Amino acid sequence: MFTPDSEQARWFAEEILPQEPELRAWLRARFPMLRDADDLVQECYTRLLQAHATGPIACPRAFLFVSARNLALNHLRHQRIERPEGAEEIDVLAVADGGVPPPDAVAHAEDFQLLIRAIQSLPERCRQIVTLRKIYGLSQKEVASRLAISEHTVEAQGSIGLRKCIEFFRRHGYNPPARR
Amino acid sequence: MKPAPRSSVPPDDIEQTAALWVLRRDRGLTATEQDELSLWLALDARHGEALASARWGWDELDRLTGLQTSIGAVADPDLLAPKATAKAASRFRRRIFWGSFSLAAAAAVAFGIFLTRSNSPADFTVAPTPNAVALTAPCEHRVLEDGSIVDLNRGARIDVQLTAHERRVRLLEGEANFHVAKDAARPFVVNAGDFEVRAIGTVFNVELHPAGADVVVTEGRVRLQRTGSRLARLTHETPEAYLNAGQLGELRQAIPAAQVNTLTPTEVEERIAWQPRMLDFNDAPLSEILAKFNRRNPVKLRIADAQLNTVRLSATFRSDNVEGFVRLMESDFAMRAERRSDREIVLWRAP
């Protein structure tokens, strides 16, 4: 689906690969019960490269760690292992905080404007949920506790937010790639 | 369950359902949900397309992951609030900050002043973190012996001296509004830091803050004068200034002359919004009531459960009586109040 050109290969080798030892160490510390860390790291890379191939990523390091966390939780769910106490409170972005680009440079990058404006156009509750979930990488449960609303509400309002974002994209001529 | 005929399902519903499935899948489906999803996908070819499109949109938003994380690891749900909201929030913060230093005063006709204490930088480190009690304490309403009314904002302190020849109020800290009773024989003077505000039949507001004092006149006229600096008086560099209704006088330690600006009625209203007043509600939704309280108080009330929005009530509250209002919600409206911080009270439906 995507073919890494040399530019992307270099970006990956220079920006992403050096983070792997840290990512693995972090995964081991946070999810000691996780069996298939190798697969998981590969899966993270695939997601990252797919996203990178079609557009910019605000903070690749944060993207990587948030993806890893989400995938790890998914894997654990499949392994039918109870999450360790406190596993919900993992502060991914505290880990991802190193090597963050200057905030203004990112926020003002034109590439992100459509995404940012889509979120800005949402009703307050939807906007807060999408912001916490997508920009800060919080889980549904974490968002519920942060905003003091039920998980059910986070899910329902979050899905309204998502639908409205997609409508916004469509109105601005931004559409999913055609399906084969 | 019988599938609905294809044509009767509005595309909007399909997209909404697809979006919901994407969020559910993201948090992990239960076995039952997996079956439901398979069933839903089998029902109509458009469902799969809608799901793919929703999935794509959800993943696209991941590009923003980590946007502005260097602000710190504290997640800000309002990071992308529309500009107007963000501005209101920062103005709100400013008001809290000033409010803790400020003093203000009013007249039978009426006026207001804001002042800053300049000579005690030590207070600067103490004042900006007012505690919950101070923030929810009601404002004080005082009637002086001459019939003048002084409303004190939270944390404000005054010293009153009424003599046969003069009425003098020293604003020691904070903000106050003065409603001056007419008495031609006895001028009404407010001292705020190094500044003097002389009422000429007036309602006015005075706020004392670190850089100086702000005076807003809502009725009548006041005279502003610097009193503190002997040097300034000797060099005659501090001409007096007159303020009329609807004007703001900004007095600054560093600047000899008061700067006078004419405010719009809305700006005047904002400046004196802290003053308690009775809020009347007639079958009003809870959200509207909270909004009115929040506009006038440093403590924000929020609804945790959207269902609470169906609560409507008719009542009269004093705008600064946040505590009383919250207690009433707890005792009579089956709610539970969670004090999230000293600036935020979240209302839940009681279990």
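Source: prediction; values computed, not measured.

Rules of the game
- Residues numbered from 1 in each chain as written.
- Chains lettered and ligands numbered in written order.
- Predicted model: local features only at pLDDT ≥ 70, side-chain atom pairs only at ≥ 80, totals over all residues.
- Heavy atoms only, no water.
- Helix = DSSP H or I, 4+ residues; strand = E, 2+ residues; numbered from the N terminus.
- Buried < 20%, exposed > 50% of the residue type's maximum accessible area, 1.4 Å probe, protein only.
- Contact = heavy atoms within 4.5 Å.
- Areas by Shrake-Rupley, 256 points an atom, 1.4 Å probe, with all protein chains shown as cover.
- Phe/Tyr/Trp six-rings, centres within 6.5 Å; stacked < 30°, edge-to-face > 60°.
- Lys NZ or Arg CZ within 6 Å of the ring centre and 35° of its normal.
- Buried area = accessible area lost by both parts, 1.4 Å probe.
- Salt bridge = Lys/Arg side-chain N within 4 Å of Asp/Glu carboxyl O.
- Polar contact = N/O pair within 3.5 Å; in protein donor to acceptor, adjacent residues only side chain to side chain.
- Nonpolar A, V, L, I, M, F, W, Y, C, P; charged D, E, K, R; others polar.
- pLDDT = per-residue confidence, 0-100.
- Core = buried A, V, L, I, M, F, W, Y, C linked by side-chain atoms within 4.5 Å.
- 1 Å grid on protein atoms, 1.4 Å probe; cavity = no way out; pocket = protein on both sides within 12 Å on 5 of 7 lines; lining within 4 Å.
- Points joined across faces, edges and corners; volume = space filled by probe spheres on them.
- Pairing = 2+ DSSP bridges.
- Axes fitted to C-alpha atoms, helices over the stretch in contact; angles between N-to-C directions.
- Parallel < 35°, antiparallel > 145°, perpendicular 65-115°, else oblique.
- Left-handed = near helix turned anticlockwise from the far one by under 90°.

Attention shifts here to the overall build of chain A. Each helix and strand counted, chain A has 10 helices and 0 strands in total. Secondary structure elements of chain A, listed N to C terminal, follow the sequence α-α-α-α-α-α-α-α-α-α. Of all 180 residues assigned to chain A, the portion counted as buried reaches 48%. Relative to all contacts within chain A whose residues are 6 or more apart in sequence, the contacts with residues 24 or more apart total 68%. For chain A, the computed accessible surface area is about 9,000 Å², with 50% contributed by carbon and sulfur atoms.

Turning our attention to the packing of aromatic side chains. Under the defined criterion, the tally for this structure stands at 9 aromatic pairs over all chains. Measuring from ring centre to ring centre gives 5.6 Å for A:Phe169 and A:Tyr174, while their planes differ by 85°; the resulting arrangement is edge-to-face. Classification of A:Phe169 as buried rests on a relative accessible area of 1%. The class for A:Tyr174 is partly exposed, based on a relative accessible area of 27%. Over the face of the ring belonging to B:Trp58 we find A:Lys134, whose NZ or CZ atom lies 3.8 Å from the ring centre. Cation over ring: B:Arg24 sits above B:Trp21, and NZ or CZ is 4.8 Å from the ring centre.

All right, on to the interface of chain A and chain B then. By convention, interface size is frequently given as the accessible area that disappears when the constituent parts associate. Taken together, the contact pairs 64 residues of chain A with 48 residues of chain B. For the pair chain A and chain B, the two sides together bury roughly 5,100 Å², of which 59% comes from carbon and sulfur. Where chain A packs against chain B, one counts 8 salt bridges. Our count for the chain A to chain B interface comes out at 20 residue pairs in polar contact (both at pLDDT 80 or more). Contributions of two or more residues to the side of chain A that touches chain B are made by helix H3 (37-54), helix H4 (60-78), helix H5 (92-96), helix H6 (103-108), helix H7 (110-120), helix H8 (124-135), helix H9 (140-147) and helix H10 (151-171) of chain A. Looking at the side of chain A that touches chain B, the element that brings in the most residues is H10(A), giving 13 residues. Per-class residue counts for the side of chain A that touches chain B are 37 nonpolar, 11 polar and 16 charged.

As a further point, take the pattern of salt bridges. Enumeration according to the criterion identifies 34 salt bridges over all chains in this entry. The salt bridge involving A:Glu155 is made with B:Arg24; its shortest N-O contact spans 3.2 Å. With one member in each of two chains, A:Glu155 in helix H10 and B:Arg24 in helix H1 (residues 11-27) form a pair that bridges those chains. On the basis of relative accessibility, which here comes to 18%, the residue B:Arg24 falls in the buried class. Linking B:Glu60 and B:Arg63 is a salt bridge whose minimum nitrogen-to-oxygen distance equals 3.1 Å. Salt bridges linked by common partners bring A:Arg47, A:Lys134, B:Arg55, B:Asp59 and B:Asp62 together as one network.

Residues and elements named next belong to chain A. When the pLDDT values of chain A are averaged, the result is 80; 77% of them are 70 or greater. H6 is the least confidently modelled element of chain A, averaging 48 in pLDDT, while H10 averages 94, the highest of any element. Scored below 50 in pLDDT, residues 81-89 makes 9 contacts in the model with residues more than four places away or belonging to other chains. A low-confidence stretch, residues 99-105 stays under pLDDT 50, and its non-local contacts, those more than four residues away or across chains, total 11 contacts.

Another aspect to go through is the nonpolar core. Among the nonpolar cores identified, the biggest contains 45 residues, and A:Ile119, A:Leu162, A:Phe169, B:Leu61 and B:Leu64 are the most heavily contacted of them. If we skip the residues at most four places from it in the chain, B:Leu61 touches A:Leu115, A:Ile119, A:Val130, A:Lys134, A:Cys165 and A:Phe169. In terms of nonpolar packing, the next biggest core, distinct from the first, is built from 28 residues, B:Ile158, B:Val180, B:Phe195 and B:Leu251 among them.

With respect to the element layout, B:Asn294 can be found in helix H9 (residues 286-296). Here B:Asn294 is in contact with B:Val299, B:Lys300 and B:Leu301, once residues within four sequence places are set aside.

A probe matching the size of a water molecule, rolled over the atoms, marks out where space remains unfilled. Tallied over the full model, the rule gives 2 cavities of 30 Å³ or more. Of the voids in this model, the second largest cavity is the one considered here, and its volume is about 30 Å³. As for the second largest cavity, its lining consists of A:Arg47, A:Phe63, A:Val66, A:Ser67, A:Asn70, B:Asp62 and B:Thr65. With 4 residues, the top contributor of residues to the lining of the second largest cavity is H4(A). Here the lining of the second largest cavity is composed, by residue class, of 2 nonpolar, 3 polar and 2 charged.

With that settled, the discussion passes to the side chain of A:Gln8. Tracing the backbone through its elements, the reader meets A:Gln8 in helix H1 (residues 6-16). At a separation of 3.2 Å, a polar atom in the side chain of A:Gln8 contacts the side chain of A:His52.

Residues and elements named next belong to chain A. Here Ala 148, not a glycine, exhibits a phi torsion of approximately 55°, which is positive. Mapping Ala 148 onto the fold places it in the loop between H9 and H10. Note on Ala 148: relative accessible area 3%, which makes it buried.

Another point: the sheet that holds strand S17 (residues 344-349) of chain B. All names here are of chain B. Spatial ordering of the open sheet is given by S14-S17-S16, a layout of 3 strands whose pairing is mixed. The open sheet terminates on both sides in strands that have one partner only, identified here as strand S14 (300-303) and strand S16 (335-341). The sheet shows a mean angle of 25° between the axes of neighbouring strands, taken without regard to direction. As defined by bridge partners, S14 adjoins S17 across 4 bridges and the pair is classed as parallel. When the sheet's bridge partners are listed, Lys 300 is paired in S17 with Glu 344.

Another aspect to go through is the packing of H9(B) against helix H10 (residues 322-332) of chain B. Residue and element names in this part refer to chain B. Look at H9 against H10: their axes get within 12 Å of each other, and the N-to-C directions meet at 160°. Relative to H10, the element H9 is oriented roughly antiparallel. The handedness of the crossing between H9 and H10 is left-handed. Contact with H9, carried on its side by Leu 286, Ile 289, Leu 290 and Phe 293, involves Val 322, Phe 325 and Met 329 of H10 and no other residues of that element. Across the contact of H9 with H10, the residue classes break down as 7 nonpolar, no polar and no charged.

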